[in-house]
Amino acid sequence: MLQDSYGHLREKAQVRIWRRPGKAVDRATAEHLFEVINSREDVLRRLIRRCAYLKYVEARLGDRTLYADELLKDGICLNMIDTPLCPLKVVTNLQEAVWDADVVVNGLPSTETYDVFKEIGRYWKERITVPVIISLAKGIEAELDPVPRIITPTQMINRATGVPVENILYLGGPNIASEIYNKEYANARICGAEKWRKPLAKFLRQPHFIVWDNEDLVTHEVMGGLKNVYAIGAGMVASLTKESATSKAVYFAHCTSEMIFITHLLAKEPEKLAGPLLADTYVTLLKGRNAWYGQMLAKGELSLDMGDSIQGKGMIQGVSAVKAFYELLSQSSLSVLHPEDKKPVAPIEPCPILKTLYEILITREFACEAILQTLRDQTMNDPRELIEVAQTHAFYIPSLLGHKQ
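Rules used throughout
Residues numbered from 1 in each chain as written. Predicted model: local features only at pLDDT ≥ 70, side-chain atom pairs only at ≥ 80, totals over all residues. Heavy atoms only, no water. Salt bridge = Lys/Arg side-chain N within 4 Å of Asp/Glu carboxyl O. Helix = DSSP H or I, 4+ residues; strand = E, 2+ residues; numbered from the N terminus. Buried < 20%, exposed > 50% of the residue type's maximum accessible area, 1.4 Å probe, protein only. Axes fitted to C-alpha atoms, helices over the stretch in contact; angles between N-to-C directions. Parallel < 35°, antiparallel > 145°, perpendicular 65-115°, else oblique. Contact = heavy atoms within 4.5 Å. Nonpolar A, V, L, I, M, F, W, Y, C, P; charged D, E, K, R; others polar. 1 Å grid on protein atoms, 1.4 Å probe; cavity = no way out; pocket = protein on both sides within 12 Å on 5 of 7 lines; lining within 4 Å. Points joined across faces, edges and corners; volume = space filled by probe spheres on them. Phe/Tyr/Trp six-rings, centres within 6.5 Å; stacked < 30°, edge-to-face > 60°. Lys NZ or Arg CZ within 6 Å of the ring centre and 35° of its normal. Pairing = 2+ DSSP bridges. Arc of directions from axis to C-beta.

Caption draft 1: Examining the pattern of salt bridges more closely. If you walk through the whole model with that rule in mind, you get 21 salt bridges. Here Arg-27 and Glu-31 are joined by a salt bridge, their closest N and O atoms 3.2 Å apart. Of this pair, Arg-27 and Glu-31 both sit in helix α2 (residues 27-39), four residues apart, which is roughly one turn of the helix. The class for Arg-27 is partly exposed, based on a relative accessible area of 44%. Glu-70 serves as the salt-bridge partner of Lys-55, at 3.6 Å between the closest nitrogen and oxygen. Residue Lys-55 is located in helix α4 (residues 53-60), and its partner Glu-70 is located in helix α5 (residues 68-73); the two are separated by 15 residues in the primary sequence.

Caption draft 2: Quick look at the packing of helix α12 (residues 245-266) against helix α16 (residues 352-361). In contact at an axis separation of 8 Å, α12 and α16 are set at 100° when each is read in the N-to-C sense. When the axes of α12 and α16 are compared, the pair comes out roughly perpendicular. Of the residues in α16, those in contact with Tyr-251, His-254, Cys-255, Glu-258 and Ile-262 of α12 are Pro-352, Ile-353, Leu-354 and Leu-357. When its residues are assigned to classes, the contact of α12 with α16 shows seven nonpolar, one polar and one charged.

Caption draft 3: Just the pairing of strand β8 (residues 186-191), in detail. Taken across its six residues, β8 has six buried, putting it largely inside the fold. Across the two faces of β8 the burial is the same, with Ala-186, Ala-188 and Ile-190 and Asn-187, Arg-189 and Cys-191 all buried.

Caption draft 4: Structural detail: empty space enclosed by the protein. Scanning all chains against the criterion turns up one cavity of 30 Å³ or more. Size it by volume and the largest cavity reaches roughly 60 Å³. Lining the largest cavity, in full, are Tyr-170, Gly-172, Gly-173, Arg-189, His-220, Pro-276, Leu-277 and Asp-280. Of all the secondary structure elements, the ones that give two or more residues to the lining of the largest cavity are β7 (168-172) and α13 (275-287). Looking at the lining of the largest cavity, the element that brings in the most residues is α13, giving three residues.

Caption draft 5: Spatial organisation of the layout of surface pockets. Of the volumes computed, that of the second largest pocket is approximately 370 Å³. Taken together, 19 residues line the second largest pocket, and the ones lying closest to its centre are Glu-349, Pro-350, Pro-352, Met-380 and Asn-381. Counting residues per element, the ones that place at least two in the lining of the second largest pocket are α12, α16 and α18 (383-390). Considering only residue class, the lining of the second largest pocket consists of six nonpolar, six polar and seven charged.

Caption draft 6: Layout of the environment of Thr-284. Mapped onto the elements of the fold, Thr-284 is located in helix α13. Linking Thr-284 and Gly-235, residues 49 residues apart in sequence, is a C-alpha distance of 10.0 Å. The contacts of Thr-284, once residues within four sequence positions are left out, are Lys-227, Asn-228, Ala-231 and Ala-291.

Caption draft 7: Region of the structure containing the packing of aromatic side chains. In the structure shown here, the tally under the stated rule is two aromatic pairs. Both rings, one in Phe-34 and one in Tyr-53, keep their centres 6.0 Å apart while their planes meet at 25°; by these two values the pair is stacked. With Phe-34 in helix α2 and Tyr-53 in helix α4, this residue pair connects regions lying 19 residues apart in the sequence. Taking the relative accessible area as the measure of exposure, Phe-34 reaches 16% and is therefore buried. A ring pair is formed by Tyr-326 and Tyr-358, whose centres lie 3.6 Å apart and whose planes are at 10°; its orientation type is stacked. Remark: Tyr-358 occurs in helix α16 and Tyr-326 occurs in helix α15 (residues 317-329); sequence separation between them is 32 residues. Of the two residues examined, Tyr-326 and Tyr-358, each falls in the buried class. Over the ring of Trp-292 we find Lys-313, and its NZ or CZ is 4.9 Å from the ring centre.

Caption draft 8: Representation of the sheet that holds strand β3 (residues 103-106) in the model. Here five strands make up an open sheet; going across it, the order is β3-β4-β7-β8-β9 and the pairing mixed. Edge positions in the sheet fall to β3 and β9 (209-214), since each has one partner strand and no second. In this sheet, neighbouring strand axes are inclined to one another by 25° on average, regardless of whether the strands run parallel or antiparallel. Where strand β4 (residues 132-135) and β7 come together, three bridges link them in parallel fashion. Pairing of Ile-134 across the sheet is with Leu-169, part of β7.

Caption draft 9: How the structure looks around the environment of Glu-385. In this structure, Glu-385 sits in helix α18. Through-space distance from the C-alpha of Glu-385 to that of Ala-201 is 37 Å; in sequence the pair is 184 residues apart.

Caption draft 10: Up close: helix α3 (residues 41-49). Turning to α3, its buried residues number three or more, namely Val-43, Arg-46 and Leu-47. For α3, the angular spread of buried residues about the axis comes to 95°, placing them on one side. Counted as exposed and oriented over 90 degrees from the buried face of α3: Glu-41, Arg-45 and Arg-49. Where α3 terminates, the next one or two residues include Cys-51, which has phi positive at roughly 55°.

The following block contains the structure:
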């Protein structure tokens, strides 16, 4: 999108994409990609003009191996094969990609953000100007020592590079990446310090992509991680109930109440789960890659043994986020009063869906069908009760985000 909008200003601005070298494309993907190319006259003509078409023919025949970075140079993203993009300037050397960049966009999974930005930080030691960083990462990690807390991607970037927090922002939905590129109307929010979020919202805004700005970085990042957690469960419910609207609505009510409860543990005055924040949750539960992953697991077309990096989809960030949130909220050093019996319990106890997802995905104690058993548990409370208690601020634990008590 940036290439389309600002590519004509090549003398004033450059858009560089960093991609690790060496990721091979399998034969089945190469065959499908060849079909996509031949079905799109504009893509076909472009590749022929660039003398790049022959390699796709050879890959289709099995005579050569394609790599993800060379595909990206031709405007083809391995995780969005059906949506060819415009040609991009791709570099495989990280230092070359970032050393003099004014704006850096982080599209890495949360599990890789710290390590990559630690390396970037070494390249920036001699910099005079401070870059602006926009993070798209939708996961979180748990840190249990010396005290339990979560680490969001923007916190990882700050810790790894020393770039001040006011220069680090978060950009989130509601949207689906391939649909944005196809110019379907979409909204987004950029969150962070006012100094940068307002001009960047204006910079990113397109007729079909309206970007609002918001100061609540924490809630949006945490919700970005949480929505992926519960999207996996949404996919399971959709598959197991053959797309029952009633079952999906029941799941939505319970999972959003857990999300609200968790955000009130982490922030004293979190942004309400409404408007764009609610819409972002809705679209992720409806169509995102995490929901797709849950569906495929429930159908038996994928197994947990295949890992959480799936060919053609990329990293399923909800899996690591399930583990992080569960490990954090089950710590014995943390306690809240249970909304019903008023006894001290670990914060995970009022979150039966999160517990069940952990037992399905991480410990593998149960099959996907357990998510339906949790929903149908007759002892579950009205989701409204958990929301009302959460909104009294009785559960706020400042240390979970590294704040002082």
